[in-house]
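# Secondary and tertiary structure notes
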Amino acid sequence: MTDKMNLLMFSGEYDKAMAGLILANAAKELDVEVTMFFAFWGLWLVRDPEKISNEDKTMYEKMFSAFSPKGAEDLPLSKMNFSGIGKKLLVDMMDDHHAPHVIHFLKGARKKNVKFYGCKLSLEIMGFKQEELIPELEIVDAKTYLKSALQSNMQLFI
Amino acid sequence: MTDKMNLLMFSGEYDKAMAGLILANAAKELDVEVTMFFAFWGLWLVRDPEKISNEDKTMYEKMFSAFSPKGAEDLPLSKMNFSGIGKKLLVDMMDDHHAPHVIHFLKGARKKNVKFYGCKLSLEIMGFKQEELIPELEIVDAKTYLKSALQSNMQLFI
Amino acid sequence: MTDKMNLLMFSGEYDKAMAGLILANAAKELDVEVTMFFAFWGLWLVRDPEKISNEDKTMYEKMFSAFSPKGAEDLPLSKMNFSGIGKKLLVDMMDDHHAPHVIHFLKGARKKNVKFYGCKLSLEIMGFKQEELIPELEIVDAKTYLKSALQSNMQLFI
């Protein structure tokens, strides 16, 4: 039987997104099946920066969209962000070591057929439309997430 | 054998409380046994706002109590809280979609017989008395949590 | 078969470090095998305050080192830190109840032979040298973490 890993991506921060995506890529290279469920702020990670739209949105949803990071590379750090200066410093340090960025790990995960789930309720509340998110994302409810998580060997809330 | 889910509720934030409680309710509807262990800031979630008391508390404990959110509905957001403005915005967006509040998901979990554990050491350090918390909460130590978690199909630290 | 617990220590905060280390100690007392994988900010927890050095570091790495907490006891709280005042208050409340500090739980975990892994990529990016960290720490990559985590009964991301 194949090993399975299930990650609930909740946080919407650059460093935590990197942690989750590095694990997803490494797991696929070990032939582990990987499911990522993006909920709440985690949805920021799967926004397509080129497909952001205000069509059919309420005033609140437009405000929320304006305050939200524009996709994976625009996420703040969970610590020492210092209005973006700390993040720039960290990304520079990553570049010094030729370490890939979050956007590259996300591309890798998409290419390696990681299963991408998005939380239906979070999408509705935050007013994101499916067309604004990466096309691999399947919109599901909490029960679908749970069934997948319960059948996995490991689950993390990131 | 019944599936089991174990959630360690650590964070004391409105959005993470909602995530944990939505999962707890959904799991019970799938006939999964659910245990929630409230530790540290997570105890804020199970404070009964009508039973807060300063009796038999040290000066430190009174200060700590005064700075603590008054129960589940009073918790801040983990991101974009903006002194409560961001939270109000999010709750309004939830109302637009007729999504229940944290307090409703907490009521649901209590009605569905989710097992509620509270961390003994956290209670002692923070100076909360059992009478100030919801009556379902059983006070246990870390080992009791671990035994329950090790027998579960999935565990999350929220 | 022995039960196994695997903790991914990511956050670098005093309260979350305490949670992880209390669980590690309690698990070992229940004869559970424990592996802790320190990544990103979590590496701050295993810095040896007496072995911090700027030798062979770039300017960025020196800056990063200067902004980083000097070991476990120097970590900030994840909430209510208030530039250290909130943390001092919490530590005083812990002392009132004769509760051990993070540094004591770390010593306990080392004495009880918890397996300590450090994330190779995080070390490289942040510019920490192995000599600056506790000697038990073995430097491994994400795949080594994953293999250990997949063979465990429970995994938490802290």
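Anyway, here's the lowdown on the structure attached to this text. (Residues numbered from 1 in each chain as written. Chains lettered and ligands numbered in written order. Predicted model: local features only at pLDDT ≥ 70, side-chain atom pairs only at ≥ 80, totals over all residues.)

What follows concerns the interface of chain C and chain A. Many analyses report the size of an interface as the accessible area lost when the parts associate. Across the contact, 21 residues belong to chain C and 23 residues belong to chain A. Among the elements of the structure, helix H2 (59-67), helix H5 (120-126), helix H6 (142-150) and strand E5 (154-157) of chain C are those that each provide at least two residues to the side of chain C that touches chain A. Here the side of chain C that touches chain A gets five residues from one element, more than from any other, and that element is H6(C). (Contact = placed C-beta atoms within 7 Å. Helix = DSSP H or I, 4+ residues; strand = E, 2+ residues; numbered from the N terminus.)

Moving on: the nonpolar core. Across soluble globular proteins, nonpolar side chains show a tendency to be buried alongside one another. In terms of nonpolar packing, the biggest core is built from 156 residues, with Met36(A), Phe38(A), Met36(B), Phe38(B), Met36(C) and Phe38(C) touching the most fellow members. Apart from the residues lying within four places of it in its own chain, the contact partners of Phe38(B) are Met9(B), Leu43(B), Leu45(B), Val46(B), Tyr117(B), Gly118(B) and Cys119(B). (Core = buried A, V, L, I, M, F, W, Y, C linked by C-beta atoms within 7 Å. Buried ≥ 20, exposed ≤ 12 C-beta atoms within 10 Å, placed from the backbone.)

Quick look at the sheet that holds strand E3 (residues 115-119) of chain C now. All names here are of chain C. Ordered in space as E4-E3-E2-E1-E5, the five strands form an open sheet in which the pairing is parallel. In the strand order of this sheet, the two ends are held by strand E4 (138-140) and E5, each with one partner. If you compare each strand with its neighbour and ignore which way they point, the axes differ by 25° on average. Of the strand pairs in this sheet, strand E2 (residues 33-38) and E3 are connected by four bridges, and their pairing is parallel. Opposite Thr-35, over in E3, you have Lys-115 as the bridge partner. (Pairing = 2+ DSSP bridges. Axes fitted to C-alpha atoms, helices over the stretch in contact; angles between N-to-C directions.)

This part is about the relation of the copies chain C and chain A. When chain C is brought onto chain A, the operation consists of a screw motion whose angular component is 120° and whose axial shift is 0.0 Å, with 0.0 Å RMSD remaining. Here the two chains are linked by the operation of a three-fold rotation axis. When you check the interface residues of chain C against chain A, a mere 5% turn up at the interface there too, and the two sides of the contact use different surfaces. (Least-squares fit on C-alpha atoms with pLDDT ≥ 70 in both.)

Residues and elements named next belong to chain B. Where helix H1 (residues 14-29) contacts helix H4 (residues 102-111), the axes come no closer than 9 Å and their chain directions differ by 30°. Crossing of H1 against H4: the hand is left-handed. The segment H1 lies against H4, with Tyr-14, Ala-17, Met-18, Leu-21, Ile-22, Ala-24 and Asn-25 engaging Val-102, Phe-105, Leu-106, Gly-108 and Ala-109. Looking at the contact of H1 with H4 residue by residue, the class counts come to ten nonpolar, two polar and no charged. (Left-handed = near helix turned anticlockwise from the far one by under 90°. Nonpolar A, V, L, I, M, F, W, Y, C, P; charged D, E, K, R; others polar.)

Compared with an ideal rise of 1.5 Å per residue, which puts twelve residues at 16 Å, helix H3 (residues 85-96) of chain B spans 17 Å between its outermost C-alpha atoms and is within 8% of the ideal. Backbone geometry just after H3(B) places His98(B) at a positive phi near 55°. (Expected span 1.5 Å × (residues − 1).)

On to the interface of chain B and chain A, then. With 23 residues of chain B in contact, the opposing surface of chain A contributes 20 residues. For the side of chain B that touches chain A, the elements supplying multiple residues, two or more each, are H1, H3 and strand E5 (154-157) of chain B. The element that contributes the greatest number of residues to the side of chain B that touches chain A is H1(B), accounting for six residues. Here the residues of the side of chain B that touches chain A are counted per class, giving 16 nonpolar, two polar and five charged.

This paragraph deals with the pairing of E5(C). Residues and elements named next belong to chain C. By the alternation rule, side chains of E5 split into Met-154 and Leu-156 and Gln-155 and Phe-157, which are all buried. Both strand E1 (residues 4-9) and E5 contribute to a ladder of four bridges, which runs parallel. Opposite Leu-7, over in E5, you have Leu-156 as the bridge partner.

Another point: unusual backbone geometry. Residues and elements named next belong to chain B. The backbone of Asn-113 sits at a positive phi, close to 65°, despite the residue not being glycine. For Asn-113, the location among the structural elements is in the loop between H4 and strand E3 (115-119). Asn-113 gets classed as exposed once you count the C-beta atoms within 10 Å, which come to 11.

Here we come to H6(C). Those residues of H6(C) lying buried are Ala142(C), Tyr145(C), Leu146(C) and Ala149(C). Axial view of H6(C): buried residues confined to an arc of 100°, hence all on one face. (Arc of directions from axis to C-beta.)

All names here are of chain A. Read from one edge of the open sheet, five strands run E4-E3-E2-E1-E5, paired in parallel fashion. One side of each edge strand has no neighbouring strand; the edge strands of this open sheet are strand E4 (138-140) and strand E5 (154-157). The sheet shows a mean angle of 25° between the axes of neighbouring strands, direction not considered. With three bridges connecting them, strand E3 (residues 115-119) and E4 associate as parallel partners. Pairing of Cys-119 across the sheet is with Val-140, part of E4.

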